[in-house]
Protein chains: 2
Amino acid sequence: MSISVKILGSNSASFAHNRHQTSQVVEIDNIFFLVDCGEGTQIQAKRYNVKISKIDYILISHLHGDHYYGLIGLISTMHLYGRRKTLTLIGPPGLLEIITLQLKHSGTNLAFKINLIEWKVGIQELILDLPKLTIKTIPMNHSISCSGYLFEEKENLRRLNVNCLPEQLTPFEIKTLKSGADLLNADGSVRYVNQLVTLPPKKHDSYAFCSDTRHQPEILNWIKGVDLLYHETTFMNDLVQRAQKTYHSTTNQAGQLAAAAKVKKLIIGHFSTRYRDLTPLLDEVKACFDKTYLATEGSIFKTDD
Amino acid sequence: MSISVKILGSNSASFAHNRHQTSQVVEIDNIFFLVDCGEGTQIQAKRYNVKISKIDYILISHLHGDHYYGLIGLISTMHLYGRRKTLTLIGPPGLLEIITLQLKHSGTNLAFKINLIEWKVGIQELILDLPKLTIKTIPMNHSISCSGYLFEEKENLRRLNVNCLPEQLTPFEIKTLKSGADLLNADGSVRYVNQLVTLPPKKHDSYAFCSDTRHQPEILNWIKGVDLLYHETTFMNDLVQRAQKTYHSTTNQAGQLAAAAKVKKLIIGHFSTRYRDLTPLLDEVKACFDKTYLATEGSIFKTDD
């Protein structure tokens, strides 16, 4: 399978230079995850042909407004457009309290259920386990409780090699082969050697979304070797002190982390409003890690590109 | 003086057909009032050259999201951009509770004070009394607590007629003339007849913003003779039953109200997302009240046009 990431916004703090705040859509095996939801995300979704009815999971990294002020509007629009399916909402403690209060004052009884999954602060945990993928939290070091998310496809099954396949296999025998075991005779001797009739599993891809964070080498533990890494680069390297003080990262820090983690591609975002032109940021990261791309709105990144 | 109204958004429910949700900027004597604040209002403000630093008063009509989900983002941006001036926030009970909870979870201590004025539900009251104008609430009949706002310039003072003016008047005498009284001699006899040395005051203008409401003839009490009336027309007349059920108004109802109130101009807005083309709505209102205009984004309406 492949993981794709569509950027809806990637500016920090507030809308500026025609750049919207953080939001992106991750798609794996036709399941759509919205990651963060800055103000105007539903408008950006429309602009970039994302059907909000298809989004069944929303993951919020933290409760700074540039990462979630669009959430209540999106939920309200889902309600107005007749959603009935459960929406799974993953985020920090406090998120549901805010949504619930806003719905109460608007007199809204949602026509769908919200399945809330609150993560524990500062601890990596498996937060979602679906048949073909898992999502784990990635603890961030920010000024308030904050978490990134690691999307990992599960190890795929071996594929049958149709050219070498014995005929008339039962469903049980097929599953046995796909799971990597040999087919046996009644006396326990090998009837078909698995590797002679199957092909290796397809690659299982991974994507790490690192939200607002100070540079923290321990994050390496959780992102090593991912195919695609999104990491914030709020500031250029000359503002490393400011980055430290405001719990953000610089271009160099993101580039060095990507290099140390041996990721395949790096997407940078969460740009400070002080930067109108983003080329200098990109250049600075590329000096550390060449395969770096700007999270410009509407861009799509795929693990198998 | 003149009152001007700049439309930032006027769609109902959610963003559709490139139309944003309700928000408008009212300007009187260089004081800027933001009336309602749908999601993305700060982006619309930038698009239409409204400096948010100039906005000192925000009035919210009710707590349906299409009228206030942009408020917390706007307040956060004011904070990030270094606002120190007090912001006066006028709205229904519950508004401050929501804002306070969101600021708490984002760890934000606002660098400016919010002066909250909560109105009483269903009762017209004087909610703001400034040197040159007043704002009163206009009770709406909606599914949750909802209020419109009546902006009225205060009666202006008489103007000195420089061609007929006696020389060497003291400041006290000038103010006496401006307030409409004669100047007197020590024995009480008239020294200068006011009307011979002054001109009538300039006209004092008025603007009524009627938010979401069922058609309610009693609203006439509060909007009679205003120069400019904004009224919702969520539905066309064939959906009068739906309007009644959802506590909204139709084109005909708004037009008839404007005619009965003898207003000078009517602006219609809060269009249902079912209407891509708004011309049929405008035509239907115009059949009842000719001087009607669509609240299209970026439009500016003035009481002295």
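Residue indices begin from 1 for each chain and proceed along its sequence in written order. Both sets of labels track the order of writing: A upward for chains, 1 upward for ligands. Totals for whole chains, interfaces and linings use every residue, but because this is a predicted model, local features are given only for residues with pLDDT of at least 70 and side-chain atom pairs only at 80 or more, for both listing and counting.

## Points about the relation of the copies chain B and chain A
Then, in step 1: You can overlay chain B on chain A at an RMSD of 0.1 Å; the transform is a turn of 180° with a shift of 0.1 Å along its axis. With respect to symmetry, the two chain copies, as superposed, fit the operation of a two-fold axis. For chain B, the minimum C-alpha distance to the rotation axis belongs to G40 of chain B and amounts to 2.7 Å.
Then, in step 2: In this assembly the copies share their binding face: 100% of the residues contributing to the interface of chain B also contribute to that of chain A. In this comparison the copies share one frame, found by least squares on the C-alpha atoms of residues holding pLDDT of at least 70 in both. Contact definition: two residues whose C-beta atoms, as placed from backbone geometry, lie within 7 Å.

## Thoughts on the nonpolar core
Then, in step 1: Definition of nonpolar core: a set of buried Ala, Val, Leu, Ile, Met, Phe, Trp, Tyr and Cys residues joined via C-beta atoms within 7 Å. The exposure scheme places C-beta atoms from the backbone and then counts, for each residue, the other C-beta atoms within 10 Å of its own, assigning buried at 20 or more, exposed at 12 or fewer, and partly exposed in between. L229 of chain A together with L229 of chain B are the most contacted members of the largest nonpolar core, which has 136 residues in total.
Then, in step 2: Apart from residues no more than four positions distant in its own chain, L229 of chain A is found in contact with A208, C210, I223, A258, A261, V263 and L266 of chain A.

## As for the interface of chain B and chain A
Then, in step 1: Taken together, the contacts link 28 residues of chain B with 28 residues of chain A.
Then, in step 2: Secondary-structure elements contributing two or more residues to the side of chain B that touches chain A are helix 1 (41-47), helix 2 (71-80) and helix 3 (95-105) of chain B.
Then, in step 3: Looking at the side of chain B that touches chain A residue by residue, the classes come out as 10 nonpolar, 15 polar and 3 charged. Numbered from the N terminus, helices here are DSSP runs of H or I no shorter than four residues, and strands are runs of E no shorter than two. Side-chain classes follow a simple rule in which Ala, Val, Leu, Ile, Met, Phe, Trp, Tyr, Cys and Pro form the nonpolar group, Asp, Glu, Lys and Arg form the charged group, and the remainder, Gly included, forms the polar group.

## Considering helix 8 (residues 251-260) of chain A
Residues and elements named next belong to chain A.
Then, in step 1: When you tally the buried positions in helix 8, you get 7 out of 10 residues, the bulk of the element.
Then, in step 2: Turning to helix 8, its buried residues number three or more, namely T251, N252, Q253, A254, G255, L257 and A258.
Then, in step 3: The inward-facing, buried residues of helix 8 abut helix 6 (220-223), strand 15 (228-232), strand 16 (265-269), helix 9 (279-286) and strand 17 (292-294).
Then, in step 4: Among the residues trailing helix 8, K262 stands out with phi positive, at a value near 55°.

## Section: the packing of helix 8 of chain A against helix 9 of chain A
Residue and element names in this part refer to chain A.
Then, in step 1: Helix 9 packs onto helix 8 with a crossing angle of 40° between their chain directions and a minimal axis gap of 8 Å. Classified by the angle their axes make, helix 8 and helix 9 are oblique. Between helix 8 and helix 9 lies a crossing of right-handed hand. Judged by residue contacts, T251, N252, A254 and G255 of helix 8 engage L281, E284 and V285 from helix 9.
Then, in step 2: Of the residues assigned to the contact of helix 8 with helix 9, the class counts are 3 nonpolar, 3 polar and 1 charged. For helices, the fitted axis covers only the stretch in contact; all axes are lines through C-alpha atoms, and the angles between them, taken along N-to-C directions, range from 0 to 180 degrees. Orientation labels follow simple angle bins: below 35 degrees gives roughly parallel, above 145 gives roughly antiparallel, 65 to 115 gives roughly perpendicular, and whatever is left gives oblique. Less than a right angle of anticlockwise turn of the near helix away from the far helix marks a crossing as left-handed, whereas a clockwise turn marks it as right-handed.

## Here's the deal with the domain arrangement of chain A
Then, in step 1: Segmentation into domains, and thus their bounds, comes from an automatic or database assignment. Domain boundaries in chain A define domain 1 (3-156 + 202-302) and domain 2 (159-199).
Then, in step 2: Averaged C-alpha coordinates put domain 1 of chain A and domain 2 of chain A at centres separated by 42 Å.

## Here's the deal with unusual backbone geometry
Residues and elements named next belong to chain A.
Then, in step 1: Look at H17: it is not a glycine, yet its phi comes out positive at around 50°.
Then, in step 2: As for its placement among the helices and strands, H17 is situated in the loop between strand 1 (3-9) and strand 2 (23-28).
Then, in step 3: In this structure H17 comes out as exposed when scored by C-beta crowding, with 12 C-beta atoms within 10 Å.
Then, in step 4: A positive phi angle is found at N30, which is not glycine, with a value near 65°.

## Quick notes on the environment of Y81 of chain B
Residue and element names in this part refer to chain B.
Then, in step 1: Assignment of secondary structure puts Y81 in the loop between helix 2 and strand 5 (87-91).
Then, in step 2: Y81 gets classed as partly exposed once you count the C-beta atoms within 10 Å, which come to 13.
Then, in step 3: Once the C-alpha coordinates of Y81 and H231 are considered, the two residues, 150 residues apart in sequence, prove to be 34 Å apart.

## Considerations on the confidence of the model for chain A
Then, in step 1: Residue-level confidence of the predictor, termed pLDDT, takes values from 0 up to 100. With 100% of its residues at a pLDDT of 70 or more, chain A has an overall mean of 95.
Then, in step 2: Reported confidence for the predicted complex is 0.83 by ipTM and 0.87 by pTM.

## Some details on the sheet that holds strand 1 of chain A
Residues and elements named next belong to chain A.
Then, in step 1: The mixed open sheet is built from 7 strands, whose spatial order is 6-5-4-3-2-1-18. For this open sheet the edge positions go to strand 6 (114-118) and strand 18 (300-302), each flanked by a neighbour on one side alone. Averaged over all pairs of adjacent strands, the angle between strand axes in this sheet comes to 20°, irrespective of strand direction.
Then, in step 2: Where strand 1 meets strand 2, 6 bridges bridge the pair, whose relative direction is antiparallel. The partner of I7 across the bridge, within strand 2, is Q24. For two strands to be treated as a pair, DSSP must find at least two bridges joining them.

## Remarks on the pairing of strand 1 of chain A
All names here are of chain A.
Then, in step 1: Here strand 1 lies mainly inside the structure; 6 of its 7 residues are buried.
Then, in step 2: Across 3 bridges, strand 1 lies against strand 18 in antiparallel orientation. Bridge pairing in strand 18 links S4 to K302.

## As for the sheet that holds strand 9 (residues 147-153) of chain A
Across a sheet, paired strands are connected by hydrogen bonds in the backbone, their directions being either parallel or antiparallel.
All names here are of chain A.
Then, in step 1: A sheet is described by the order of its strands in space; here 7 strands give the open sequence 7-8-9-14-15-16-17, paired in mixed fashion. A single partner strand is all that each edge strand has here, and the edge strands are strand 7 (126-130) and strand 17. On average, each strand axis in the sheet is tilted by 15° relative to the strand beside it, whichever way the strands run.
Then, in step 2: As paired strands, strand 7 and strand 8 (residues 133-139) are joined by 4 bridges and run antiparallel to one another. Directly across from L128, in strand 8, lies its bridge partner I135.
Then, in step 3: Where helix 8 meets the sheet, its contacts fall on strand 15, strand 16 and strand 17, and the angle it forms with strand 15 comes to roughly 155°.

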